[in-house]
Amino acid sequence: MMFLKKNLLKTAVAGILISGLFACSAPAEKNAESDLWVYDGVEFDMPHVQEPVFPDYSVSITDFGAIGDGEFLNTDAFAKAIDQVAKKGGGKVIVPRGIWLTGPIVMKSNINLYTESGALVIFSKNKDLYPLVETSFEGLNTIRCMSPINGVELENIAFTGNGVFDGSGDAWRHVKKSKMTDSQWNKLVNSGGVLNDRGDIWMPSEEFKQGMEMSGMNVPENFKNLEDYEAIKDFLRPVMVSIIKSNKVLFDGPTFQNSPAWNIHPLMCENLTVRNITVRNPWYSQNGDGLDIESCKNVVLYNSNFDVGDDAICIKSGKDKDGRDRGIPTENVIVKNCIVYHGHGGVTVGSEMSGGVKNMHVSACTFIGTDVGLRFKSTRGRGGVVEGIYISDVDMFDIPTNAISFNLYYGGLSVSEMLAQKEGKDIKEVEFEVSEETPQFKDIYMKNITCRGAHQAIYLQGLPEMNIENVNLENLKMSADNGLVCIDADEINIKNLELETKNSPAVMFYNAKNVSVDKLILPSSDKNEIVIEGSKTENVNVTVDTPASLNNILKIGADKKESIKVSKL
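Keep in mind it's a predicted model, so treat the numbers as computed, not measured.

Asker: How would you sum up the pattern of salt bridges? Please name residues and give values.
Answerer: A full pass over the atoms with the stated rule returns 19 salt bridges. Linking Arg382 and Asp320 is a salt bridge whose minimum nitrogen-to-oxygen distance equals 3.0 Å. Of the two residues, Arg382 sits in the loop between strand 32 (374–377) and strand 33 (385–407) while Asp320 sits in helix 6 (residues 320–326), which places them 62 residues apart along the sequence. Under the relative-accessibility criterion, Arg382 is labelled buried at 8%. Taking the relative accessible area as the measure of exposure, Asp320 reaches 23% and is therefore partly exposed. A salt bridge links Glu533 to Lys555; the shortest N-O distance between them is 3.6 Å. With Glu533 in strand 38 (residues 530–533) and Lys555 in strand 40 (residues 554–556), this residue pair connects regions lying 22 residues apart in the sequence. You can call Lys555 partly exposed: its relative accessible area is 38%. When salt bridges with common partners are traced through the structure, they connect Glu51, Asp252 and Arg275 into a single cluster.

Written out as structure tokens, the structure reads:
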């Protein structure tokens, strides 16, 4: 356990320091009227998000016996303080400077949980404090342990101030050996817990291991009663902040870190405001998402920073049949002026998007070392429609994989399998019918995007039976190992795309139709830089700005030449 204690202390101290730095430039509880700029330039009819308003009444948790020494358990003090303020009609529950160990905090309507600078709220590792509850995780209706911070069907709640909430996630999560150095791995193994049969995944207990073996992904399958779940309770790690079916919800100022699973999960909420927060998880944290906005309506997120172990800013709406039955899309979302450091995706839509996503504006964001910058993902079986997505003024640097990614085979065929399939190798292409289980992505607009360094600049992959449709890219300047790949797509409109790539081809269209590329800027080359192939490819028009000869850089499938026009400016 020594490794985990040291890691927790380092994480907590860093969180306090970072939150203090950000607090200086972006103080919490700002007047909403000063932030009307957030709505500037939004392309759809976006109502102003209603923020919670609280009476001028406050108490401190110390008024109810709380002790901030990091050892005394303050669960009752938090509960009594929240109850007192709720009975008075609402107000502020103050968490002063100190280290406040606690079990779950259950929010009530009209509560503003305010953490002063230097306040560190650490959630206990004693899992007996977190009973099993009915909830939703990864888009499915299921049972999990109670979240450290939770609330259902609330009105007017807020998390403000400049303190830190730490979920003690290292006590809950499994860890892959590949994500640690040898010394880190050895310390972790020596701290206790168990290994999987291959010896490359550490788990906190045998009970956890049994749960992993019995579950699809992270959600147990075919469990019939509560006793089934109790047998693997240690495996059922919760999201850290779970706010469900609530209205007028505000996050403004604190740091949220080290969550057992996802960090912050607003589900089926309206009028959600998130600003000036810092969200942190270790990069090795499994399912360590930052903010998962699921089936929510009227949302603004701005002036916030993310450094996490999975997707950072996530837009979701349920998974497969559970999501379709819920039928609540995420709609009317603004994301502005956010920074993402490590994370599997900067801004992500999916893969759990079975209820649909519509009307989303993202601008003035920066991704630094994020695995994927702009990430759209789904797969057969999801269903749902993603439409009305507007992204602009995004800067990316040092992206390990794709700067822009649309992957409609998420969790299905791998890229290598798809390429083998396209080349007529071992995997035979199968025709799929369109049904309610078919996901659809359409009406996507991106402009003014810069990327300096990526493995792949742009990857657009639709389904043969449901192409991604009406994707518009304008004013993109990108340097990457590989350029643009576009497969199974319809109505792709590109204007002013400058690509600097190490590998050829710089641009490939396969089974793409109704494509217009106006001013593709390429450096001089004597290799095949533009490749256009596929039996379903038709009506492709490309104009190129390059010193190279088109005869040298252009390769067109033999049966496609009549429907393809490529010319130099």
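Asker: Could you give an account of the pairing of strand 39 (residues 538–545), with specific residues and numbers?
Answerer: With 7 bridges joining them, strand 37 (residues 507–521) and strand 39 adopt parallel strand pairing. Opposite Ser516, over in strand 39, you have Asn541 as the bridge partner.

Asker: Explain the nonpolar core residue by residue, including any values.
Answerer: Within the largest apolar cluster, 126 residues are counted, with the highest numbers of intra-cluster contacts made by Met107, Phe251, Leu374, Met396, Ile404, Met446 and Ile458. Among all residues touching Leu374, those that are not within four sequence positions of it are Val347, Phe367, Ile391, Met396, Ala403, Ile404, Ser405, Met446 and Ile449. If you look at the next biggest cluster of nonpolar residues, it comprises 9 residues, including Tyr39, Val49, Tyr302 and Ile334.

Asker: Residues and numbers for the pairing of strand 25 (residues 297–302), please.
Answerer: Of all 6 residues making up strand 25, 5 are buried, and the element is well covered by its neighbours. Pairing between strand 22 (residues 270–275) and strand 25: 5 bridges, direction parallel. Along strand 25, the bridge assignment pairs Glu270 with Lys297. The pairing of strand 25 with strand 28 (residues 330–336) spans 5 bridges and is classified as parallel. Note that in strand 28 the partner of Leu301 across the bridge is Val335.

Asker: So what's going on with the sheet that holds strand 14 (residues 194–195)? Which residues, and what values?
Answerer: What the 3 strands build is an open sheet, ordered 13-15-14; its pairing is antiparallel. Two strands in the sheet have a free side with no partner beyond their single neighbour: strand 13 (175–176) and strand 14. As defined by bridge partners, strand 13 adjoins strand 15 (residues 201–203) across 2 bridges and the pair is classed as antiparallel. Considered in strand 15, the bridge of Val175 is made with Trp202.

Asker: Residues and numbers for unusual backbone geometry, please.
Answerer: Ser351 follows Gly350 through a cis peptide bond whose omega is 0°. With respect to the element layout, Ser351 can be found in the loop between strand 30 (347–349) and strand 31 (357–368). The phi torsion at Asn222 lies on the positive side, around 65°, for a residue other than glycine. The topology assignment puts Asn222 in the loop between strand 17 (219–220) and helix 5 (226–230). Backbone geometry places Lys245, a non-glycine residue, at a positive phi of 50°. Among the structural elements, Lys245 can be located in the loop between strand 18 (241–244) and strand 19 (247–252).

Asker: Could you give me a rundown of a nonpolar patch on the surface, with the residues and numbers involved?
Answerer: A cluster of nonpolar side chains, namely Tyr341, Ile368 and Phe397, defines an oily patch on the protein surface of about 270 Å² accessible area. Examined against the element boundaries, Tyr341 turns out to sit in the loop between strand 29 (339–340) and strand 30.

Asker: Would you mind going over helix 2 (residues 75–87) in detail, with residue names and values included?
Answerer: Since there are 3.6 residues in each turn of an α-helix, residues three or four apart along the chain are aligned in direction. Across its 13 residues, helix 2 extends 18 Å between first and last C-alpha, which sits within 8% of the 18 Å expected from 1.5 Å per residue. Listed as buried for helix 2 are Ala77, Phe78, Ala81, Ile82 and Val85. Taken end-on, helix 2 shows its buried residues confined to a sector of 130°, consistent with a single buried face. Seen from the open side of helix 2, the exposed residues pointing more than 90 degrees away from its buried face are Asp76 and Lys87. Residues of helix 2 that are buried in the fold lie against strand 1 (58–60), strand 3 (91–95), strand 4 (98–102), strand 5 (105–106), strand 6 (111–115) and strand 7 (119–123). Just downstream of helix 2 lies Gly89, where phi reads positive at about 95°.

Asker: Got a sec to walk through the packing of aromatic side chains? Specific residues and values, please.
Answerer: Applying the stated criterion to the full structure yields 13 aromatic pairs. A centroid spacing of 6.2 Å and a plane angle of 40° characterise the contact between Phe44 and Tyr390, whose relative ring orientation is tilted. Taken together, the positions of Phe44 in the loop between helix 1 (2–25) and strand 1 and Tyr390 in strand 33 put the pair 346 residues apart, joining distant regions of the chain. Joined through ring pairs, the aromatic side chains of Phe159, Phe165, Phe251 and Phe256 make up one cluster. Directly above the ring of Tyr114 sits Lys92, whose terminal nitrogen or CZ lies 4.5 Å from the centroid. The ring of Phe432 has Arg380 sitting right over it, with the charged end atom 3.6 Å from the ring centre.

Asker: How would you explain the confidence of the model for the chain if you had to name every residue and give the values?
Answerer: Across the chain, pLDDT averages 91, with 90% of residues at or above 70. Segment residues 1–28 is flagged for pLDDT under 50; beyond a separation of four residues in sequence, or across chains, it makes 48 contacts in the model. Low confidence marks residues 414–418, where pLDDT is under 50. Its contacts with residues over four positions away, or in another chain, come to 7 contacts.

Asker: Describe the environment of Ser168, naming the residues involved and giving the relevant values.
Answerer: Summarising the element assignment, Ser168 is placed in the loop between strand 12 (164–166) and strand 13. Distance in space between the C-alpha atoms of Ser168 and Phe123 is 6.0 Å, their sequence separation being 45 residues.

Asker: Now, about the environment of Ile556: what can you tell me, with residues and values included?
Answerer: Within the secondary structure, Ile556 is located in strand 40. Using a relative accessible area of 19% as the deciding quantity, one classes Ile556 as buried. Once the C-alpha coordinates of Ile556 and Ile532 are considered, the two residues, 24 residues apart in sequence, prove to be 4.9 Å apart. Contact partners of Ile556, with chain neighbours within four places excluded, come to Ile532, Lys561 and Ile564.

What counts, and at which threshold
- Residues numbered from 1 in each chain as written.
- Predicted model: local features only at pLDDT ≥ 70, side-chain atom pairs only at ≥ 80, totals over all residues.
- Heavy atoms only, no water.
- Salt bridge = Lys/Arg side-chain N within 4 Å of Asp/Glu carboxyl O.
- Helix = DSSP H or I, 4+ residues; strand = E, 2+ residues; numbered from the N terminus.
- Buried < 20%, exposed > 50% of the residue type's maximum accessible area, 1.4 Å probe, protein only.
- Pairing = 2+ DSSP bridges.
- Core = buried A, V, L, I, M, F, W, Y, C linked by side-chain atoms within 4.5 Å.
- Contact = heavy atoms within 4.5 Å.
- Patch = residues over 30% accessible without salt bridge, like charges linked within 9 Å, V, L, I, M, F, W, Y side chains within 5 Å.
- Areas by Shrake-Rupley, 256 points an atom, 1.4 Å probe, with all protein chains shown as cover.
- Expected span 1.5 Å × (residues − 1).
- Arc of directions from axis to C-beta.
- Phe/Tyr/Trp six-rings, centres within 6.5 Å; stacked < 30°, edge-to-face > 60°.
- Lys NZ or Arg CZ within 6 Å of the ring centre and 35° of its normal.
- pLDDT = per-residue confidence, 0-100.

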